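Coordinates in review
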Amino acid sequence: MLFIVGINFGLRVSDLRTLRFSHLINDDQVFRDTFAILEKKTKNTRRVQKNRYITINTAVIEAVTLYLENTPNVKLSDYLFRSESNNGSNKNNPIHRASIDTILKSIAKDLGLGNRMATHSLRKTFAYHQMVMSNNDPRKLLLLQKMFGHSTAAQTLDYIGITEEEIEEAYRNLNLGSLT
């Protein structure tokens, strides 16, 4: 659920870890369409505090539903990602950032992924796939820039990351002056 929610919401881990089921689900047990979040990192740096509105998609609904079906006694006030050190107690504290980092690194190792995985990988995956799905539409880049609060589109491009394979493909596909 952590991975699915993380790559579909594009939030920083500081905001992701503090989400509660009540952000996603109404009191009548129906999933919301959207919810507002005042992002932790930017709430004190902006002159005008502004909520970011997150749309809840099918993948998130499926992941959360699966979790709820297999986890008894969950309340709407509970954090989506509770600290494991709270098992067996009545405390409701969010998982620590370092624990999320450990979980992601462990998954990457178990799956044999050769790349580095960290808490920010979820947010970067969100941005990368937004660009890929748009066929690198410049309008999508500007949308991501606005969503992430970046000052320039170049900052957003650096953030998404360009792979060595993409650079090689750019050279390979150019073929200026080729007969074929």
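Residues numbered from 1 in each chain as written. Predicted model: local features only at pLDDT ≥ 70, side-chain atom pairs only at ≥ 80, totals over all residues. Heavy atoms only, no water.

**Topic: the packing of aromatic side chains**
Inclusion rule: Two aromatic rings from Phe, Tyr or Trp, using only the six-membered ring of Trp, form a pair when their centres are within 6.5 Å; if the ring planes differ by under 30 degrees the pair is stacked, by over 60 it is edge-to-face, and anything between is tilted. Per the convention used, a helix needs a DSSP run of H or I reaching at least four residues, while a strand needs a run of E reaching at least two, with both numbered from the N terminus. For the exposure calls, accessible area comes from a 1.4 Å probe over protein chains only, and a residue counts as buried if that area is under 20% of its type's maximum, exposed if over 50%, partly exposed in between. Think of it as a cone above the ring: NZ of Lys or CZ of Arg counts as a charge over the ring if it is within 6 Å of the ring centre and within 35 degrees of the ring normal.
In this structure the tally under the stated criterion is three aromatic pairs. When the centroid spacing of 5.5 Å and the interplanar angle of 65° are considered together, the rings of Phe9 and Phe35 count as edge-to-face. Of this pair, Phe9 sits in helix 1 (residues 2–9) while Phe35 sits in strand 1 (residues 34–37); the two residues are 26 residues apart in sequence, bridging distant segments of the chain. On the basis of relative accessibility, which here comes to 2%, the residue Phe9 falls in the buried class. Note on Phe35: relative accessible area 5%, which makes it buried. On the numbers, 6.0 Å between centres and 15° between planes, the contact of Phe21 with Tyr67 is stacked. Residue Phe21 is located in helix 3 (residues 21–24), and its partner Tyr67 is located in helix 5 (residues 58–69); the two are separated by 46 residues in the primary sequence. We note Arg123 situated over the ring of Phe148; from NZ or CZ to the ring centre the distance is 4.0 Å.

**Some thoughts on helix 1**
The cut-off we apply is this: This arc describes the spread of directions from the helix axis toward the C-beta atoms.
Among all positions of helix 1, only Leu2, Val5, Gly6 and Phe9 are buried. All buried residues of helix 1 project into a common sector of 100° when viewed along the axis, lining one side. Just beyond helix 1, the residue with positive phi is Gly10, at close to 65°.

**Quick look at the pattern of salt bridges**
We apply this condition: The salt bridge criterion pairs a side-chain nitrogen of Lys or Arg with a carboxyl oxygen of Asp or Glu, the two atoms within 4 Å.
Applying the stated criterion across every chain yields a total of six salt bridges. Glu168 is paired through a salt bridge with Arg172; the nearest N and O atoms lie 4.0 Å apart. Here Arg172 and Glu168 lie together in helix 10 (residues 164–174), a separation of four residues that amounts to about one turn. Residue Arg172 is classed as exposed on the basis of its relative accessible area of 53%. A single network of salt bridges, built from pairs that share partners, joins Arg12, Glu39, Arg52 and Arg123.

**Thoughts on the packing of helix 8 (residues 138–148) against helix 9 (residues 153–160)**
What describes two packed helices is the angle between their axes and the distance between those same axes. Applicable threshold: Every axis corresponds to a line fitted to the C-alpha atoms, with the helix fit spanning only the stretch in contact, and the corresponding angles, defined between N-to-C directions, vary from 0 to 180 degrees. In these notes the angle categories are as follows: under 35 degrees is roughly parallel, over 145 is roughly antiparallel, 65 to 115 is roughly perpendicular, and the rest is oblique. Whether two residues are in contact is decided by their heavy atoms, any of which lying within 4.5 Å being enough. Each residue is assigned to one class: nonpolar for Ala, Val, Leu, Ile, Met, Phe, Trp, Tyr, Cys and Pro, charged for Asp, Glu, Lys and Arg, and polar for all the others, Gly among them.
Running from N to C, helix 8 and helix 9 point in directions that differ by 90°, and their axes come no closer than 9 Å. The orientation of helix 8 relative to helix 9 falls into the category roughly perpendicular. Taking contact as the criterion, the partners of Leu141, Leu142, Leu144, Gln145 and Phe148 in helix 8 are, on helix 9, Ala153, Thr156, Leu157, Tyr159 and Ile160. Class assignment of the residues belonging to the contact of helix 8 with helix 9 gives a composition of eight nonpolar, two polar and no charged.

Distances and angles like these do not, on their own, reveal function.
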